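# An overview of the molecular structure
Below, each chain spelled out in residue letters.
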Amino acid sequence: MASDRVRAMLRALVIAAAGAAGAVAATRGLYATALLSALLAVWIAALNLVDTGQRPPLPPPPAPVSAGEEERRRLNAYLDLSPAPLVALDDGRLRVVNRAARRLLGASDLVADPPDGLVAALSDTRPGRTATIDIGDDTDVRSFALATGDLALAGRMTRIGALIDIDAELKAAEAGALRDLVQVLSHEIVNALTPIASLAETAVAMLDDPEPALPKVRDAIETVARRAASLHRFGESYRALARLPAPSPERIPLAGFVNDLTALFTTRWPTISFTTDLQRAPAYLLADPDQLTAALWAVLQNAAEALHEAPDARVTFAVSTMVGQTQFTMTDTGPGIPAGHQADIFRPFFTTKTEGTGVGLALARQILRGHNGDLGLVSSVPGETRFEGAVGSVLTS
C-alpha cells in the first residue's frame with residue numbers, strides 16, 4: 001500500500017542518517033553519540049522486521065468468472081429492473097423470475113402456494129394473447145393483465161408470464177362506464193316516461209268529462225301503450241347487451257353459413273343486390289353460430305336500412321383468411337355515415353333512427369370481441385361504407 005511504502009522510505013532515511021551521524025561522531029571521538037546513533041539504527045531496523053512479520057497476508061485474487069456466468073448475472077440485474085412481475089411455469093411448478101415477482105408473491109424461487117387461477121391462466125393463455133387475473137387477499141385485490149411467451153430452456157419448453165398492473169386503469173374505466181350508463185339510462189327513461197305521464201293525465205281528464213270523447217281517449221291510451229312498448233324494447237335491448245353469455249364455439253362449414261345469411265337477406269330485402277365473395281375464405285371456422293349470425297346480421301341490417309331509398313342499392317359480403325383469424329368485410333353503396341357520427345356508432349344506445357335502439361352495432365362488436373376478434377368502421381363516404389369484423393379461430397379442414 002502507498003502508506004507502507006512511505007513509512008519504509010522514511011525509516012530507511014532515518015537509518016542512513018543515524019549511520020552517517022555515528023560515523024562522524026566516532027571520527028571526532030564522540031563515542032557516546034556514535035553509540036546512540038547505532039542504537040537508533042538498530043531499533044528502526046527491528047521495527048521494520050516486526051512490521052514485516054505482522055503484516056496480514058494479501059487476500060487471494062478473485063476466482064475468474066466465466067463468460068456465461070457473467071452474462072447470467074447481467075441478465076438477472078436487467079430483469080430485476082423491470083417493474084412488471086415475471087413468473088415462469090416449469091413442469092407445473094410456478095417460479096418467480098425477478099425482484100417484482102418475489103415481492104408480489106412472497107417467494108424467493110419456487111412459489112409454494114400460487115394465487116388462485118394463476119397457474120391455470122399461464123397454462124391456458126397462448127403466447128401473443130392476454131388474460132386478466134386478480135391477485136391478492138380479501139382486503140387488497142389487484143387486477144393484472146397476463147401476457148405470456150414460451151422459451152426453450154435446458155431442452156424443454158418453459159412458459160414465461162409478465163403481470164402488468166391494470167387495477168387503476170380498470171377502476172377508471174369502470175367508473176367512466178358506470179357514469180355513461182347512468183347518463184344514457186336516465187336520458188332514455190325520462191324521455192320515454194315524460195310523454196307517457198302526460199298522456200295518461202290527459203286521458204284521465206277526458207274520462208272526468210260528463211260526456212268523454214271516447215275516440216280521443218282511445219287515441220291517448222293507444223299512444224301510451226306504444227310508448228310503454230318502446231320503453232320495454234329498450235329495456236330488453238339493454239338486458240341483451242349487458243347479459244351476453246360466453247360463446248359456445250362449434251365447427252361451422254363456412255359455405256353453408258354464408259348461404260343461410262344470403263337467404264335471410266334476400267328474403268328480407270329483395271330489392272337490394274346482395275353478392276358474396278368467398279375466394280379467400282376458409283372451409284370451416286370455429287365460432288358460436290347463433291352469436292356470429294346476430295353480429296353479422298346487425299351490420300347487414302344497418303347497411304340495408306341505409307340503402308332504403310338509394311339508387312343502385314348493393315351490399316357485398318366477403319370472407320377471407322387472415323393470420324389466425326377469419327375476416328368479414330361488409331360494403332354497401334349507401335349515402336355514408338356523417339363524419340360527426342362515425343365516432344359514436346358503436347356507443348350503446350346511440351341512434352339516428354326514429355325506431356332504433358342503438359344496440360345493434362354495440363352488441364355486434366361485443367360478440368366479435370368475445371370471439372377474440374373485433375368490429376370496426378373502415379371507411380364511409382357517399383357511395384361506399386365498409387365495415388370489417390373478425391373472429392379469432394380458423395379451421396382449414
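Check the entry above for the structure.
A brief structural summary. Everything quoted here is computed from the prediction, not taken from an experiment.

### Some words on the side chain of threonine 333
Within the secondary structure layout, threonine 333 lies in the loop between β10 (325-332) and α10 (360-370). On the basis of relative accessible area, threonine 333 is assigned to the buried category, the value being 17%. Of the polar contacts made by the side chain of threonine 333, one reaches the backbone nitrogen of arginine 314; its length is 3.1 Å. Leave out the neighbours within four places in its chain, and threonine 333 touches Leu307, Asp312, Ala313, Arg314, Gly383 and Glu384.

### A closer look at the environment of alanine 220
Structurally, alanine 220 is set in helix α7 (residues 214-242). A relative accessible area of 6% means that alanine 220 is categorised as buried. Placed 20 residues apart in sequence, alanine 220 and alanine 200 show a C-alpha to C-alpha distance of 7.3 Å. Once you skip the residues sitting within four places of it in the chain, alanine 220 turns out to touch Leu199 and Ala203.

### A closer look at the sheet that holds strand β12 (residues 384-391)
Strand order in the open sheet made by the five strands is β7-β9-β10-β12-β11, with mixed pairing throughout. In the strand order of this sheet, the two ends are held by β7 (273-280) and β11 (374-381), each with one partner. Strand-to-strand twist in this sheet, taken as the mean axis angle between neighbours without regard to direction, amounts to 15°. Taken strand by strand, helix α8 (residues 254-268) contacts β7 and β9 (314-322), and its axis lies near 170° from that of β7. Helix α9 (residues 289-306) contacts β7, β9, β10, β11 and β12 of the sheet and is inclined by roughly 20° relative to β10.

### A look at the nonpolar core
Ranked by internal contacts, the top residues of the largest apolar core, which has 37 residues, are Leu292, Phe317 and Phe328. For this core, the elements supplying multiple residues, two or more each, are α8, β8 (284-287), α9, β9, β10, α10 and β12. Per-element tally for this core: the top contributor is α9, with eight residues. Look past the residues within four positions of phenylalanine 317 in its chain and what remains in contact with it is Val258, Leu261, Phe274, Thr275, Thr276, Asp277, Leu296, Leu300, Phe328, Thr329 and Met330. Grouped together as the second largest cluster of nonpolar side chains are 16 residues, Val87, Leu94, Ala101 and Leu163 included.

### Re the pairing of β11
Pairing analysis gives seven bridges linking β11 to β12, with the strands arranged antiparallel. The partner of serine 380 across the bridge, within β12, is threonine 385. Hairpin geometry of β11 and β12 is characterised by an intervening segment of two residues between the two adjacent antiparallel strands and by a positive phi of about 100° at glycine 383.

### Things to note about the pattern of salt bridges
The full count for this structure, using the stated rule, is eight salt bridges. Across the pair arginine 365 and aspartate 374 runs a salt bridge, and its minimum N-O distance is 3.8 Å. Among the residues examined, aspartate 374 registers a relative accessible area of 33% and is labelled partly exposed. Salt-bridge contacts for arginine 386 lead to glutamate 384; the nearest nitrogen and oxygen are separated by 3.2 Å. Residue arginine 386 is classed as partly exposed on the basis of its relative accessible area of 24%. For glutamate 384, a relative accessible area of 35% translates into the label partly exposed. Each of Arg365, Arg369 and Asp374 takes part in one network of salt bridges that share partners.

Quick notes on the rules
- Residues numbered from 1 in each chain as written.
- Predicted model: local features only at pLDDT ≥ 70, side-chain atom pairs only at ≥ 80, totals over all residues.
- Heavy atoms only, no water.
- Helix = DSSP H or I, 4+ residues; strand = E, 2+ residues; numbered from the N terminus.
- Buried < 20%, exposed > 50% of the residue type's maximum accessible area, 1.4 Å probe, protein only.
- Polar contact = N/O pair within 3.5 Å; in protein donor to acceptor, adjacent residues only side chain to side chain.
- Contact = heavy atoms within 4.5 Å.
- Pairing = 2+ DSSP bridges.
- Axes fitted to C-alpha atoms, helices over the stretch in contact; angles between N-to-C directions.
- Core = buried A, V, L, I, M, F, W, Y, C linked by side-chain atoms within 4.5 Å.
- Salt bridge = Lys/Arg side-chain N within 4 Å of Asp/Glu carboxyl O.

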